[in-house]
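The chain contents come next:
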Amino acid sequence: MEVSMTVNGTSYTHDVEPRTLLVTHLRENLRLTGTHVGCDTSSCGACTIIVDGETVKSCTLLAVQCEGAEIKTIEGMAENGKLHPIQESFREKHGLQCGFCTPGMILSSWQLLERNPNPSEDEIRHSLEGNFCRCTGYQNIVTAVQDAATKV
Amino acid sequence: MGDLIGKSVKRVEDNRFIKGEGKYTDDFNMDNQTHAVYVRSPHAHANIKGVDTSKAEALDGVVKVFTGQDIADAGIVGSICGWQVDFKNGDTMKEPGHPIMVADKVRHVGDAVALVIAESKNIARDAAGLVEVNYEVLDAVVNPKEAAQDGAPLVHDDVPNNTIYDWELGNKEETDAAFEKAHHITELSYHNQKLVPNAIEPRAALGHFDSNEDKYTLYTTSQNPHLARLVIGAFVLSIPEHKLRVISPDVGGGFGSKIFVYNDECGVLWAAKQIGRPVKWTADRTEAFFTDCHGRDHVTDAKIALDKEGKIIGLRTKTYASLGAYLSNFSSCVPTYLHGTLMQGLYTTPAIHVDVTAVVTHTVPVDALRGAGRPEATYGIERLVETAAREIGMDPAEFRLKNFIPPFDGVKQPGYQTQVALQYDSGNYEGALKKALKNANYEKLKKDRDKARAEGKLLGIGFSTYIEACGIAPSAVVGSLGARVGLYDAASIRVHPTGKVTIYSGAHSHGQGHETTFSQIVADSFGIGMEDVNVVHGDTESVPFGMGTYGSRSLAVCGSAIMKSVDKVKEKGARIAAHKLECSPDDLEFANGSWTVKGTDKSVGFGDVALTAYVPHSYPENEEPGLDFASFYDPANFVFPFGAHICVVEVDKETGQVKIVRYVTVDDAGNIINPMIVDGQVHGGVAHGIGQALYEGAVYDDSGQLLNGSMLDYCMPRADNFPMFETDTTVTPCPHNPLGVKGIGEAGTIGSTPAVVNAVIDALSDYGVKDLQMPLTPQSVWAAMQS
Ligand code: FES
Ligand code: FES
């Protein structure tokens, strides 16, 4: 089946098997490997991306469901070579170790700050509940989001 | 030294990760690549009566289906055990084989029986579903203690009582005597439950055979690419080392689970040669649950004896440790040399006896997981100590302070010889605990607890003071204990003509931040900037033969190898500088990036010397050109980080839900290179250890089914499970390595589990609850409160 979508500002058209997951399409057809796969039960959040302005776990959608969609992945967060403030805060506050959960964490944090520019610690923790990190104990991720909130 | 060491330098590796530009194994692809899916057993124990691959092979796009029989026909053994632990009576450890795929019998859910290779992953998956395996299901055993009993179903026919070895350490007679004269005895029975590692990146492999060069390449998720090359090349597939390149690119967390050389990766490489095309395999999460080596699974009875002053006079443990269905690479040393040897804890206990029976069960193999043996030991000791203090009516902090080994720096005062083989390098245990008490404001905390209780709230305070042995390990020592490898590490330093530097590290970084800390060390040593240094790791074709990253060893062992290379560069650099300055090298001192003639302002810079080394027109006689040195470092001893953790919990009376209110740590990892990274390691470690205490645990039914084999069912710690951890450090340098460093990767995990359980038990003290089995789920806490 043919599917067209705009990803990080570039439009792509591909012929895909209908059962192709969006995350697989991004990773394998578009070679955008910043979006990661950590589970098969939509639990880990490593695959989080933005579809039409809302974060979704890209393992829960089929590519063909995204016909005409406007998609942003981690690769599209920095603009004109300038990091997004959330990206900067993750580095500044040591919000990552192995980096595998990081793209998903950054995009989930983006969604939170879009909805709530001034979240409390509890709100941050709660909103990142759908993203697993095995490395950081979440503390510096929370700190990074707090830091980013002062910048975005 | 310059001013980078000790600073929270921001991580250089983050640049790629925050942009999604890290390159993990699954991000690599090769031309003409195929995709592999393993067919795995749904049964824990069954005879294979037949395997029919015809339907799978007939599917369009299937390239090849291999079965266990193909492996048997090829005469390939599977991965091996790297540590021999013999029976008490001298009999050799049992080592049942573990072929890459089994032909006759499956021994755990997830055991591989066939490998399907196809043009796409979807086709491979479809075809895997078409492979028909006829199983005759057999009884299984999952509990380590039950496995050792007469009549238990056998995992391997040639392993009677499923027993791989029995083992003891310490002095039995003296321990018996201590218990005989004891004033008070505290006993506990506990299960360090089976844990699933769940690094967020699943394991993966991309194998390729180049027939022109007769050479294999394997991209894989490994914490130790050279170890992988050694095991695969020398033992599993008989590939000469120079014909096998292992590349471990960015790795999304390991926690021990990616130390091991798994059969799956070996199978991929083998298959790539058979079909003459690259083969790619990436585990899905379900597969990770059923194949990544699990951790812990120790069932233990333990007791300590006290005299009437409250001094510990004896400790005894009996552990049944499951190694799962097969012996993974380091499985055998975890319950013994990483667990039994830690039973001294931080205390002066004069008589200790540890007894371990290691068994196989019909479960996923068990091996090192963050802490590996040391969390199991620490859990036992710290639960016993806290329970004993409570039983004799002494404050648990005071009880510890009374029983601690007094401070010793390992220089003026000698190392501390334990009753269980180790010699601690340096320690100030009361220093750490006192600081933690102060940071937690313990006196006020106790009042808060009383007040909360008066208001009907269940507040509890728990302690844990831990020690761990890391920086593994002196090769001769581990060799005498049965290790089949040396445990040194290696690093080379290449100074480029313009004075820029590349570090080639045997250690592999998968979250630890080596690219930053190693650069800090080297930049400081040479008086150059962070931007003048980079780190290469993870490719056997470029880095020296190091043993990789596990057991919190990278800085203590590989960092020491780096320092040896630094010294070599400086020595040779001094000779070149002396030539340029027309003096003797002895007249020179090196500081801030220059060699200066002592007492003068005559100097020559590091970059200048580097350039001279590569353009040796005017050069010392008999000196080789170049500035490039490799070093191996075999540690003189283990290193022994330690610390004190205090946990405050509140238990919900209605639901049994445990909430961590405060978590205070004081860890001592020796000298600190990057405090920010140390802090981060503690956070992650503490979260992992709290996971064991409150949330995690593989649940098996009697037939050997893993009932919670998915991230939906297995309770992983989440962001909203924790408060902000209050971390701090003390610094007791390691006396025997050049940087004075110890290690911090596992400390949090080792320290936190007992602190949390102790706190919950304290919270439940009005209910007379003395002990609970982990994980402390709301259900189990609530049930304990009712009974
Ligand atoms: S891969 Fe999508 S939630 Fe885990
Ligand atoms: S940084 Fe490794 S999983 Fe989050």
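Definitions and limits used
Residues numbered from 1 in each chain as written. Chains lettered and ligands numbered in written order. Predicted model: local features only at pLDDT ≥ 70, side-chain atom pairs only at ≥ 80, totals over all residues. Heavy atoms only, no water. Helix = DSSP H or I, 4+ residues; strand = E, 2+ residues; numbered from the N terminus. Rg over C-alpha atoms; globule rule 2.2 N^0.38 Å. Contact = heavy atoms within 4.5 Å. Areas by Shrake-Rupley, 256 points an atom, 1.4 Å probe, with all protein chains shown as cover. Lys, Arg positive; Asp, Glu negative; His and termini not counted. Charge placed at Lys NZ, Arg CZ, Asp CG, Glu CD. Buried < 20%, exposed > 50% of the residue type's maximum accessible area, 1.4 Å probe, protein only. Axes fitted to C-alpha atoms, helices over the stretch in contact; angles between N-to-C directions. Parallel < 35°, antiparallel > 145°, perpendicular 65-115°, else oblique. Left-handed = near helix turned anticlockwise from the far one by under 90°. Nonpolar A, V, L, I, M, F, W, Y, C, P; charged D, E, K, R; others polar. Buried area = accessible area lost by both parts, 1.4 Å probe. Salt bridge = Lys/Arg side-chain N within 4 Å of Asp/Glu carboxyl O. Pairing = 2+ DSSP bridges. Expected span 1.5 Å × (residues − 1). Disulfide = S-S within 2.5 Å. Phe/Tyr/Trp six-rings, centres within 6.5 Å; stacked < 30°, edge-to-face > 60°.

This next bit is on the overall build of chain B. Looking only at helices and strands, chain B has 20 helices and 28 strands in total. For a compact globule of 787 residues, the expected C-alpha radius of gyration is about 28 Å, and chain B comes in at 27 Å, within 12% of that figure. Taking the principal axes of the C-alpha coordinates as reference, chain B spans close to 85 × 75 × 50 Å. Put simply, of all contacts in chain B between residues at least 6 apart along the chain, 80% involve residues at least 24 apart. Entry remark: accessible area of chain B is about 26200 Å², with carbon and sulfur atoms responsible for 48%. Distance between charge centres in chain B, computed from 71 positive and 101 negative side chains, equals 4 Å.

All names here are of chain B. Between Ile472 and Ala473 the backbone carries a cis peptide bond, its omega angle lying at -10°. You can see Ala473 is positioned in the loop between strand E18 (458-467) and helix H14 (475-480). Cis peptide bonds are those with omega within 30 degrees of zero, and the linkage from Met774 to Pro775 qualifies with -10°. Positive phi values are uncommon outside glycine, yet Asn161 reaches one of about 55°. Relative to the helices and strands, Asn161 resides in the loop between helix H5 (144-147) and strand E7 (163-170). Of the residues examined, Asn161 reaches a relative accessible area of 28% and is grouped as partly exposed. A positive phi angle, close to 65°, is found at Arg296, a residue other than glycine. Relative to the assigned elements, Arg296 resides in strand E13 (residues 295-306). Look at Arg296 and you get buried, because its relative accessible area is 2%.

Here we take up the packing of helix H18 (residues 675-695) of chain B against helix H19 (residues 747-763) of chain B. Residue and element names in this part refer to chain B. The N-to-C vectors of H18 and H19 enclose an angle of 40°; their axes lie 7 Å apart at closest approach. In terms of axis orientation, H18 runs oblique to H19. Considering the relative orientation of H18 and H19, their crossing is right-handed. Taking contact as the criterion, the partners of Val682, Gly685, Val686, His688, Gly689, Ile690, Gln692, Ala693 and Leu694 in H18 are, on H19, Gly748, Thr749, Ser752, Thr753, Val756 and Val757. Along the lines of polarity and charge, the residues of the contact of H18 with H19 split into seven nonpolar, eight polar and no charged.

Of the residues lining the interface, 53 residues belong to chain B; the matching set on chain A comes to 49 residues. Across the chain B/chain A interface, buried area totals approximately 4300 Å², and carbon plus sulfur atoms make up 54% of it. Among the residues chain B hides against chain A, the three largest losses belong to Ile18, Ile200 and Met724 of chain B. Together they make up 17% of the total. On the surface where chain B and chain A come into contact, there are four salt bridges. Arg27 of chain A is the salt-bridge partner of Asp26 of chain B, the closest N and O atoms lying 2.7 Å from each other.

Take the sheet that holds strand E23 (residues 594-597) of chain B next. All names here are of chain B. Taken in spatial order, the three strands of this open sheet run E22-E23-E24, and their pairing is antiparallel. Of all the strands in the sheet, just strand E22 (588-591) and strand E24 (603-605) have a single pairing partner and so form its edges. Across the sheet, the axes of successive neighbouring strands diverge by a mean angle of 20°, strand direction being ignored. Two strands pair when backbone bridges link them, and E22 and E23 are joined in this way by four bridges, in the antiparallel orientation. Within E23, the residue paired with Leu588 across the bridge is Val597.

A few words on helix H15 (residues 514-526) of chain B. All names here are of chain B. End to end, H15 covers 18 Å across 13 residues, agreeing with the expected 18 Å (1.5 Å per residue, within 8%). The buried fraction of H15 amounts to 13 of the 13 residues, a majority that puts the element mostly inside the structure. Remark: Gly527 follows H15 within two positions and exhibits a positive phi of approximately 65°.

Under the definition given, this model contains zero disulfides over all chains. With no disulfide partner, Cys293 of chain B has as its closest neighbouring cysteine sulfur the one in Cys81 of chain B, 11 Å distant.

All names here are of chain B. Throughout the structure, instances matching the rule amount to 29 aromatic pairs over all chains. Taking the centre distance of 5.8 Å and the plane angle of 85° together, the rings of Tyr38 and Trp281 count as edge-to-face. Highlighted residues: Tyr38 in strand E1 (residues 34-40) and Trp281 in strand E12 (residues 279-282), separated in sequence by 243 residues. Take Tyr38 and Trp281: they sit in the same class, and that class is buried. Grouping aromatic residues by their ring pairs yields a cluster made of Tyr347, Phe404, Phe408, Tyr416, Tyr424, Tyr429, Phe638, Phe640 and Phe642.

What follows is about the environment of Asn131 of chain A. All names here are of chain A. Secondary-structure assignment places Asn131 in the loop between helix H4 (121-127) and helix H5 (139-149). A sequence separation of 95 residues divides Asn131 from His36, and the C-alpha atoms of the two residues are 12 Å apart. In this view, Asn131 contacts Cys44, Gly45, Thr48, Gly104, Met105, Ser108 and Tyr138; residues no more than four positions away in its chain are not counted.

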